Amino acid sequence: MIRVSGYFRMEIDQKYNAYLRSVSLFLAAMAYLSPSCAESLCSADESRPNIIFLLSDDQTIGAVGCYGNSGIITPHLDQLAAEGVRFTNHYNTTSICMASRASVMTGLYEYRHGCNFSHGDLERRFMDQAYPVLLRQAGYFTGSAGKIGFVLQKNDFEGLAPMFDMWGGGPGQTFYETAKNEAIAKYAEQYPHCSRAYGAWALDFLKEAKASGKPFCMNISFKAPHKPSTPDPIDLELYGRRTFTPPPNYGAENGSHLSLQSKTSRAATSFEDGDWKQDYDKRARNYYALITGVDAAVGMIREGLQREGLADNTVIIFTSDNGYNCGAHGFSDKVLPYEEGSKSPLIIYDPRLSKQHAGAVCDALTGNVDMAATICSFARVSTPEAIDGRDLRPLLLDPESQVRDALPLFNFWGIESAQSMAVMTQRWKYVYWYFGGNDLQPTEELFNLSNDRFEMANRASQLNYASDLALMRQLYDSEIESIRAKAVDDHGHRPYAILFSRIASWDQKAPLLKDLNTQENEEGGTPRLRRRKAEATERR
Ligand SMILES: [Ca+2]
């Protein structure tokens, strides 16, 4: 008989317990993830849960209490995270409303669905494979309300409504005044500001969905906290004269190490005379109060679920379509690949999971393209082949695991000199600023996010990071090859396989820009003219 000392006995016990834990986790995962469990372990209802997808507009990851912001008031989102799983590395692969929303719907990167300001509207063939359409075909009762953010080709917004069982969507940017939004105007007397009015719409949806006898998928796209800075007075009052400490990378003095190209962006030029510089506290109060209004609607929805007896079988996903720079590095706005502009909160709550998963934090690399695959997985519906997004459900059971090694970030929009592509791993962010005109030189940036979350040191030219740089360049080049192979036709994304290339010369690139700016499009204007119009619309 082998005698085991106390220390080693303890180690063996720990290993055995870890083994038992891994076995039980594996069995739980099989039951949770496998379609076959529907018949064996789960009731029919539990196998196809209801799904609520909540999307805010322009909310950066730091603008929620549970993400470490002690100045903002978000009790319901904090509670949702305490009961669910909170993701800390969630990126919008194109960080602007229109393209991001199309990526959420389809699970495709922008260069594959082609939809963005100045690139064109969403083709119907892509919407026909969007997750709400697939779920409805599979027997789900579906609904959508709020700022949809894109239209179908031929300027067809009305074509979206018949794709849902219940519709509360509005065109363009929609309005904070409830009464101005036709689809929710009936709630205006009780809820004059739209965020709570969308909560009221949701309560009516829950009743209709319950009456249908089907599982449901409800999508609410809040207007808040997008500009203009006009929160519900009920929420603004909560902040009183509260003041805030800007983040350590706040202001242009903390952006001098960043590329000159980034300084030509709307995000840079609008900072100087914008609210985030002129009156940080006032702007933050308004921004946070708008999010507090969304939080109140989340509370209304969760109360409604309890009242209708639906809470135990309804998955809730909360995220945003893009981040917001909030003055970081001297940028307002979004679009840029830096952390504040591209990252959003992501919280997923599945009430069917055991309590041991409540409050888990997951650092895996996730993206807006993952929403469609994840929602389809919850509903046990197959996704179209070869979408870019991944199913995040395995991360709910094992937050330490990963669903990908790398994720690209794109900006195909706005002034040409500030467009860029980046690639992320969990540790590194590599950004390539391709623009070499106007006396600018193409620029590489490499940030070590494991110890520099505020991106204050560009490591690209430091010799001791050469191997990391080489690896990130490889990942970047491989995404260029994907653009070359997979970019959708007729949306102006194909030239970016050369424009964003690290290898092609500026002489090869410059004529492509000229083409982009002079080519007539089907609507009779040049892309540049359309872009200016789109910028004007987006600024509202
Ligand atoms: Ca947005």
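Residues numbered from 1 in each chain as written. Predicted model: local features only at pLDDT ≥ 70, side-chain atom pairs only at ≥ 80, totals over all residues.

As for the overall build of the protein chain
Helix and strand counts for the protein chain stand at 20 helices and 14 strands. When each of the 540 residues of the protein chain is scored for burial, the buried share is 49%. (Helix = DSSP H or I, 4+ residues; strand = E, 2+ residues; numbered from the N terminus. Buried ≥ 20, exposed ≤ 12 C-beta atoms within 10 Å, placed from the backbone.)

A word on the nonpolar core
Membership of the largest hydrophobic core comes to 136 residues, with the highest contact counts inside it found for Leu54, Tyr198, Trp201, Ala372 and Ile375. Lining this core are residues from two domains, each supplying at least three of them: domain 1 (46-404) and domain 2 (408-539). Aside from chain neighbours lying at most four places away, what touches Trp201 is Ala145, Gly168, Ile184 and Tyr187. (Core = buried A, V, L, I, M, F, W, Y, C linked by C-beta atoms within 7 Å. Domains from an automatic or database assignment. Contact = placed C-beta atoms within 7 Å.)

Looking at the sheet that holds strand E13 (residues 428-433)
A sheet is described by the order of its strands in space; here 4 strands give the open sequence E11-E12-E13-E14, paired in antiparallel fashion. Of all the strands in the sheet, just strand E11 (407-411) and strand E14 (443-448) have a single pairing partner and so form its edges. Strand-to-strand, the axes of this sheet are offset by a mean angle of 15°, without reference to chain direction. (Pairing = 2+ DSSP bridges. Axes fitted to C-alpha atoms, helices over the stretch in contact; angles between N-to-C directions.)

Concerning the pairing of E11
Put simply, side chains in a regular strand alternate between the two faces of the sheet. Of all 5 residues that make up E11, 5 are buried, and the element is covered over most of its length. By the alternation rule, side chains of E11 split into Leu407, Leu409 and Asn411 and Pro408 and Phe410, which are all buried. In terms of strand pairing, E11 meets strand E12 (residues 420-424) through 5 bridges, oriented antiparallel. Paired with Phe410 across the two strands is Met421, which belongs to E12.

Observations regarding the sheet that holds strand E7 (residues 314-320)
Strand order in the open sheet formed by 8 strands is E5-E4-E6-E1-E7-E8-E2-E9, with mixed pairing between adjacent strands. With one partner strand each, in any of the chains shown, strand E5 (166-170) and strand E9 (360-362) form the two edges of the open sheet. For this sheet the average axis-to-axis angle between neighbouring strands, irrespective of direction, equals 15°. Pairing of strand E1 (residues 50-56) with strand E6 (residues 216-221) involves 5 bridges; the strand directions are parallel. The partner of Leu55 across the bridge, within E6, is Ser221. Each of E1 and E7 touches helix H15 (residues 370-379); the most contacted strand, E1, lies at about 160° to it.

Points about unusual backbone geometry
That bond from Ala224 to Pro225 is cis: its omega, 0°, falls within 30 degrees of zero. Within the secondary structure, Pro225 is located in the loop between E6 and helix H10 (233-239). Cis geometry marks the peptide bond from Lys227 to Pro228; its omega dihedral reads 5°. Relative to the assigned elements, Pro228 resides in the loop between E6 and H10. Backbone geometry places Asn155, a non-glycine residue, at a positive phi of 55°. Considering the arrangement of structural elements, one finds Asn155 in the loop between strand E4 (141-147) and E5. A tally of 11 C-beta atoms within 10 Å means that Asn155 is categorised as exposed.

Regarding the confidence of the model for the protein chain
For the protein chain, mean pLDDT is 91; residues scoring 70 or higher make up 87% of the total. Contacts for the low-pLDDT stretch residues 1-17, under 50 throughout, to residues beyond four places or in other chains number 2 contacts. Within the model, the stretch residues 35-44 combines pLDDT values under 50 with 8 contacts to residues more than four positions away or in other chains. (pLDDT = per-residue confidence, 0-100.)

Here's the deal with the pairing of E1
Among the 7 residues of E1, 7 are classified as buried, and the element is accordingly described as predominantly covered. Burial along E1 is two-sided: the residues Asn50, Ile52, Leu54 and Ser56 and Ile51, Phe53 and Leu55 are all buried. Taken together, the 7 bridges between E1 and E7 define a ladder with parallel strand orientation. Following the sheet pairing, Ser56 is matched in E7 by Ser320.

Some remarks on the packing of helix H4 (residues 75-83) against helix H13 (residues 280-307)
Contact geometry of H4 with H13 gives a least axis separation of 7 Å together with a crossing angle of 55°. Considered as vectors, H4 and H13 are oriented oblique to each other. When H4 is examined against H13, the residues Pro75, His76, Leu77 and Leu80 are found in contact with a partner set consisting of Asp295, Val298, Gly299 and Arg302. When the residues that make up the contact of H4 with H13 are grouped by side-chain class, the tally is 4 nonpolar, 2 polar and 2 charged. (Parallel < 35°, antiparallel > 145°, perpendicular 65-115°, else oblique. Nonpolar A, V, L, I, M, F, W, Y, C, P; charged D, E, K, R; others polar.)

Focus: the environment of Phe216
Looking at the element boundaries, Phe216 is found in strand E6. Look at Phe216 and you get buried, because 23 C-beta atoms sit within 10 Å.

Re the packing of helix H9 (residues 194-212) against H13
For the pair H9 and H13, interaxial distance at closest approach is 8 Å and the crossing angle is 15°. One way to sum up the angle between H9 and H13 is to call them roughly parallel. Crossing angle aside, the handedness with which H9 passes H13 is right-handed. Of the residues in H13, those touching H9 at Ser195, Arg196, Tyr198, Gly199, Ala202, Leu203 and Leu206 are Gly293, Val294, Ala296, Ala297, Met300, Ile301, Gly304 and Leu305. Considering only residue class, the contact of H9 with H13 consists of 10 nonpolar, 4 polar and 1 charged. (Left-handed = near helix turned anticlockwise from the far one by under 90°.)

Thoughts on H4
Inspection of H4 places His76, Leu77, Leu80 and Ala81 among the buried residues, and these make up the whole buried set. Looking straight down H4, one finds that the buried residues subtend no more than 140° of arc, so they occupy a single side. Contacts from the buried residues of H4 go to strand E2 (85-87), H13, E7 and strand E8 (346-349). (Arc of directions from axis to C-beta.)

A short note on the environment of Glu83
Here Glu83 lies in helix H4. Each C-alpha atom of the pair Glu83 and Ile347 lies 9.7 Å from the other, and the pair is 264 residues apart in sequence. With sequence-adjacent residues up to four places away left out, Glu83 is seen in contact with Tyr349 and Ala358.

Considerations on helix H5 (residues 97-106)
With 10 of 10 residues buried, H5 is to be regarded as a mostly interior element. Every buried residue of H5 is listed here: Cys97, Met98, Ala99, Ser100, Arg101, Ala102, Ser103, Val104, Met105 and Thr106. With its phi angle positive at about 75°, Gly107 sits one or two positions after the end of H5.

Quick look at the environment of Asp452
Relative to the helices and strands, Asp452 resides in the loop between E14 and helix H17 (466-486). Given 15 C-beta atoms within a 10 Å radius, Asp452 is considered partly exposed. Ignoring anything within four residues of it in the chain, the contact list for Asp452 reads Phe447 and Ala457.

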